[in-house]
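# Descriptive structure summary
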Amino acid sequence: MKKRKAKKKAIRKYNRKRKERIKAKKVTASTIQKEEVKRELKISAIDEGTVIDHIPTDATFKVVEILDLENQKGIVSIATNLQSKSIGKKGIIKVGGKSLTQDEVNKIAIVAPDATVNIIKNYGVKEKIKVKTPEIIDNVVKCSNPVCITNNEQIATKFYVVKKDPLKIKCHYCERSMGKEDIEII
């Protein structure tokens, strides 16, 4: 009889623990927010410098190359394949202690025409610049025509933008048309 009572008691205890394990977790707005925060990637803010945002993922490392960030002494943060509401997936680059030249912005506009350049001062955005593809591209792109005069003599290249989306340019000297896939930054 004592064995039977002990067995029933053990079964009740087991069932109680099992019910506790099965109980649904109460979900509130604060727990959802906490879980969302955990999924975000946090990159430290910069005191002064430049943030380039809305870079197409396939152009992120081209922008890194254009800016020669391998030799940058300050903070450099590079992120790619981030979710973006406007372009699907994007890249972002933060560079501490660097201000971009107009030449660098023009080069970025060729590989990332929808990028945004943010000038940071005292941890805040001082100025926001939407890059624009210039109508004339001087000494930025190499001509893909091997017999073009710019490839055989010391003459600065010059291209006219024929179409902005998708980018199509035409050499001033040999009139070779080039698409985005043919463009090589000097």
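Before reading further, recall that the structure is shown in the block above.
Residues numbered from 1 in each chain as written. Predicted model: local features only at pLDDT ≥ 70, side-chain atom pairs only at ≥ 80, totals over all residues. Heavy atoms only, no water.

This next bit is on a nonpolar patch on the surface. On the surface, Phe61, Val76 and Ile78 cluster together into a nonpolar patch covering about 250 Å² of accessible area. Mapped onto the elements of the fold, Ile78 is located in strand E2 (residues 76–84). For Ile78, a relative accessible area of 38% corresponds to the partly exposed category. (Patch = residues over 30% accessible without salt bridge, like charges linked within 9 Å, V, L, I, M, F, W, Y side chains within 5 Å. Areas by Shrake-Rupley, 256 points an atom, 1.4 Å probe, with all protein chains shown as cover. Salt bridge = Lys/Arg side-chain N within 4 Å of Asp/Glu carboxyl O. Helix = DSSP H or I, 4+ residues; strand = E, 2+ residues; numbered from the N terminus. Buried < 20%, exposed > 50% of the residue type's maximum accessible area, 1.4 Å probe, protein only.)

A few words now on the nonpolar core. Membership of the largest hydrophobic core comes to 20 residues, with the highest contact counts inside it found for Ile52, Ile55, Val63, Leu67, Ile93 and Ile108. Elements that contribute at least two residues to this core include exactly strand E1 (49–56), helix H3 (60–66), strand E3 (88–96), helix H4 (102–111) and strand E4 (116–121). Residues in contact with Ile108, not counting those within four places in the same chain, are Ile52, Val63, Ile66, Leu67, Leu100, Pro113, Ala115 and Val131. In terms of nonpolar packing, the next biggest core, distinct from the first, is built from 13 residues, Cys148, Val161, Leu167 and Cys171 among them. (Core = buried A, V, L, I, M, F, W, Y, C linked by side-chain atoms within 4.5 Å. Contact = heavy atoms within 4.5 Å.)

Taken in spatial order, the four strands make up an open sheet running E6-E8-E9-E10, and their pairing is antiparallel. Two strands lie at the open edges of the sheet, namely strand E6 (136–138) and strand E10 (177–179), each paired on one side alone. Ignoring strand direction, the axes of neighbouring strands in this sheet form an average angle of 30°. Pairing of E6 with strand E8 (residues 158–164) involves three bridges; the strand directions are antiparallel. By the bridge assignment for E8, Ile136 is matched with Tyr160. (Pairing = 2+ DSSP bridges. Axes fitted to C-alpha atoms, helices over the stretch in contact; angles between N-to-C directions.)

What follows deals with the sheet that holds strand E5 (residues 124–130). Taken in spatial order, the five strands make up an open sheet running E2-E3-E1-E4-E5, and their pairing is antiparallel. Two strands in the sheet have a free side with no partner beyond their single neighbour: E2 and E5. Strand-to-strand, the axes of this sheet are offset by a mean angle of 20°, without reference to chain direction. In terms of strand pairing, E1 meets E3 through six bridges, oriented antiparallel. Its bridge partner lying in E3, Ile55 is registered against Gly91.

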